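Chain by chain, the residues:
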Amino acid sequence: MDNLSLSNSTAAWRQSDGEHHLHAFTDNEALRRNGGPRVIVKAEGSVLEDSEGNRIIDAMSGLWCVNVGYGREELAKAAYSQMCELAYYNTFFKTSTPPPIELAEKISSLTPGDLNKIFFGCSGSDANDTILRLVKRYWNLMGKPSKKTVICRTNAYHGSTTATASLGGMGYMHEMDDLPIAGIEHVIQPYWYTQGGTMSEDDFGLVAAKAVEDRILKIGAENVGAFFGEPVQGSGGAIVPPRTYWPEINRICRKYDILLVADEVICGFGRTGEWFGSTTFGIEPDFMTMAKGITSGYLPLSAVAVSGRVADVLYSQGGDLSHGYTYSGHPTACAVALANIAIIEREGLVQRVRDDIGPYFQARLRELSDHVLVGNIRGVGLIAGLAIVEDKGTRKFMAPTGRLSGRCHEICVENGAMIRASGDSMVMAPPLVVTHGEVDKLMDIYRAALDQTAREFKLA
């Protein structure tokens, strides 16, 4: 399309969007009033292009998901070939199809420990919903029906269904529709910068883990079924826990016979420099949640990996598993996932994040630590968060929450970098194929945006 037709299309799309499209996590009236959305029409590698021809480095991999980058013809061909052969069939009627069989085996070869049984769904939300049901089923079969309470963290994100929004610890989500539901409790997140005070990070990691143990003791271990946690809290601001945190969580869960759930929706498939964040942080999960990077976002797919401890009971004592979705084990989505994993392996993207682009990205980020607005930088591999503050000396954030980070986000996008604001943090998670040059450009745009934000708020 030429520029004129692009412009006309953009106006028409924006008008139609305002009249008919209800956006997720958006003030839809404000979006309509302010002219409508930026319309993304194409992408290649790590770069988006909108309907007006603007090119934007996607420092968020879509929504943490486009691990192998955009424009992978191999994934389109995998979908096409599978659709031509068998576009869809279910896994309900004592049947299966080759792609989910092969994908379950492949995932089992990549997951740590004995996470060797795989259940498929469509999203991280339904995967965590599945785990919540399986936790309750397991303890019923074990003759311990009181072990049903689940412990999670404040500021965590585990999905948007009624159950998984309850698992998450985001107050603004709870306020919308009277959540959380009963049987879910929240403890402090392992965010040293805002909650560690004068403690060292290692000491605070133990304190944050002890909050889990204290809650177990308060409720009674006989009443607690599971602990849910993201290796790195993604949507909460890319919160990387102190190194002491996860080993202590492992110990606590073993001591009190609590099932440990690692929500790997964001961290999985290479983002932390290992196949899974559980390996990076030494987590020993009974369940693992996967989505996003499993297909690099090319088709919706999720997976739940179940440990031998749980699966053996479900198999030997469980009878019918009265749970599932129309699209569980969707053959086309699973075929794309297999092709996606093949790309990650063939191109050595996990090793690239661990040994090359991850360290480079983290080093360049830390050059921003001298900026007046940057209070804290944390990250691992190709995920990072920066606390944007009003006063570095006192760790003071500007009210209302997100005022500085929100403006900085707007400036970044206007200048060609899709960097997300999450609360008072700016977060990034670029595709695993992002180049050194693109990282350099991101940092130039980021610093300029921080400078402009500081000037606008008279903090420079």
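Every value quoted in this text rests on a predicted model; they were computed, and no experiment measured them.

### Description of a nonpolar patch on the surface
Taken together, Leu86, Tyr89, Phe92 and Phe93 make up a surface patch of nonpolar side chains, about 410 Å² in accessible area. You can call leucine 86 partly exposed: its relative accessible area is 31%.

### A closer look at the packing of helix α4 (residues 73–86) against helix α14 (residues 331–346)
The N-to-C vectors of α4 and α14 enclose an angle of 150°; their axes lie 8 Å apart at closest approach. The angle between α4 and α14 falls in the class roughly antiparallel. Viewed along their axes, α4 and α14 form a crossing whose handedness is right-handed. Across the interface between the two elements, Glu74, Leu75, Ala78, Ala79, Gln82, Met83 and Leu86 from α4 touch Pro331, Thr332, Ala335, Val336, Ala339, Asn340, Ile343 and Arg346 from α14.

### Observations concerning the sheet that holds strand β7 (residues 224–229)
Reading across the sheet, the seven strands line up as β4-β10-β9-β8-β7-β5-β6 and stay open at both edges, with mixed pairing between neighbours. Every other strand in the sheet has two partners, leaving β4 (115–121) and β6 (184–187) as the edge strands with one partner each. With strand direction ignored, the average angle separating the axes of adjacent strands in the sheet is 20°. Direction of pairing for β7 relative to strand β8 (residues 259–263): parallel, over a ladder of four bridges. Within β8, the residue paired with glycine 229 across the bridge is alanine 262. Lying over the sheet, helix α13 (residues 308–317) contacts β4, β8, β9 (287–290) and β10 (302–307), oriented at roughly 90° with respect to β10.

### A few points about the nonpolar core
One broad rule of soluble globular proteins: the nonpolar side chains tend to lie buried together. Formed by 65 residues in total, the largest nonpolar core has its most connected members in Leu365 and Tyr446. Counting residues in hydrophobic clusters, the runner-up holds 39 residues, among them Tyr191, Trp246, Val380 and Ala429.

### Considering helix α11 (residues 245–255)
When α11 is considered as a whole, its buried residues turn out to be Tyr245, Trp246, Glu248, Ile249, Asn250, Ile252 and Cys253. With its phi angle positive at about 55°, aspartate 257 sits one or two positions after the end of α11.

### Quick notes on the sheet that holds strand β3 (residues 55–58)
An order of β1-β2-β3-β13 is seen for the four strands of this open sheet, with the pairing classed as mixed. Each edge of the open sheet carries a strand with a single partner, namely β1 (40–44) and β13 (417–418). With two bridges connecting them, β3 and β13 associate as parallel partners. Looking at the pairing, isoleucine 57 lines up with alanine 417 of β13. Its contacts with the sheet place helix α18 (residues 436–456) against β2 (47–50), β3 and β13, and it is angled at close to 105° to β3.

### Thoughts on the pairing of β7
Most of β7 is tucked away, with six of its six residues classed as buried. As paired elements, strand β5 (residues 149–153) and β7 share three bridges and run parallel to each other. By the bridge assignment for β7, threonine 149 is matched with valine 224. A crossover connection joins β7 to the parallel β8 through α11; in handedness this β-α-β unit is right-handed.

### What to know about the packing of aromatic side chains
Counted by the stated rule, this structure contains ten aromatic pairs. Ring plane angle 75° and centroid distance 5.8 Å describe the contact between tyrosine 88 and tyrosine 327, whose orientation is recorded as edge-to-face. In this pair, tyrosine 88 sits in the loop between α4 and α5 (98–110) while tyrosine 327 sits in the loop between α13 and α14, placing the two residues 239 residues apart along the sequence. We classify tyrosine 88 as partly exposed; its relative accessible area is 31%. Ring centres of tyrosine 245 and tryptophan 246 lie 5.4 Å apart, and the angle between their planes is 80°; on these two criteria the pair is classed as edge-to-face. Judged by relative accessible area, which is 0%, tyrosine 245 ranks as buried. For tryptophan 246, a relative accessible area of 1% gives the class buried. An aromatic cluster of three or more residues is present, and its members are Trp192, Tyr193 and Phe397. Lying across the ring of tryptophan 139, lysine 147 places its NZ or CZ 4.7 Å from the centre. One Lys or Arg, arginine 395, reaches over the ring of tryptophan 192 and ends 4.6 Å from the middle of that ring.

### Here's the deal with the pairing of β2
Taken together, the four bridges between β1 and β2 define a ladder with antiparallel strand orientation. What sits directly across from lysine 42, in β2, is glutamate 49. Here β1 hands over to β2 after two residues, with glycine 45 in that stretch at a positive phi of 60°. Pairing of β2 with β3, which is carried by three bridges, proceeds in the antiparallel orientation. Bridge pairing links glutamate 49 to arginine 55 in β3. Between the end of β2 and the start of β3, which pair antiparallel, lie four residues, with glycine 53 showing a positive phi angle near 85°.

Reading the values: rules and limits
- Residues numbered from 1 in each chain as written.
- Predicted model: local features only at pLDDT ≥ 70, side-chain atom pairs only at ≥ 80, totals over all residues.
- Heavy atoms only, no water.
- Patch = residues over 30% accessible without salt bridge, like charges linked within 9 Å, V, L, I, M, F, W, Y side chains within 5 Å.
- Areas by Shrake-Rupley, 256 points an atom, 1.4 Å probe, with all protein chains shown as cover.
- Salt bridge = Lys/Arg side-chain N within 4 Å of Asp/Glu carboxyl O.
- Buried < 20%, exposed > 50% of the residue type's maximum accessible area, 1.4 Å probe, protein only.
- Axes fitted to C-alpha atoms, helices over the stretch in contact; angles between N-to-C directions.
- Helix = DSSP H or I, 4+ residues; strand = E, 2+ residues; numbered from the N terminus.
- Parallel < 35°, antiparallel > 145°, perpendicular 65-115°, else oblique.
- Left-handed = near helix turned anticlockwise from the far one by under 90°.
- Contact = heavy atoms within 4.5 Å.
- Pairing = 2+ DSSP bridges.
- Core = buried A, V, L, I, M, F, W, Y, C linked by side-chain atoms within 4.5 Å.
- Right-handed = clockwise from strand over helix to strand, strands pointing away.
- Phe/Tyr/Trp six-rings, centres within 6.5 Å; stacked < 30°, edge-to-face > 60°.
- Lys NZ or Arg CZ within 6 Å of the ring centre and 35° of its normal.

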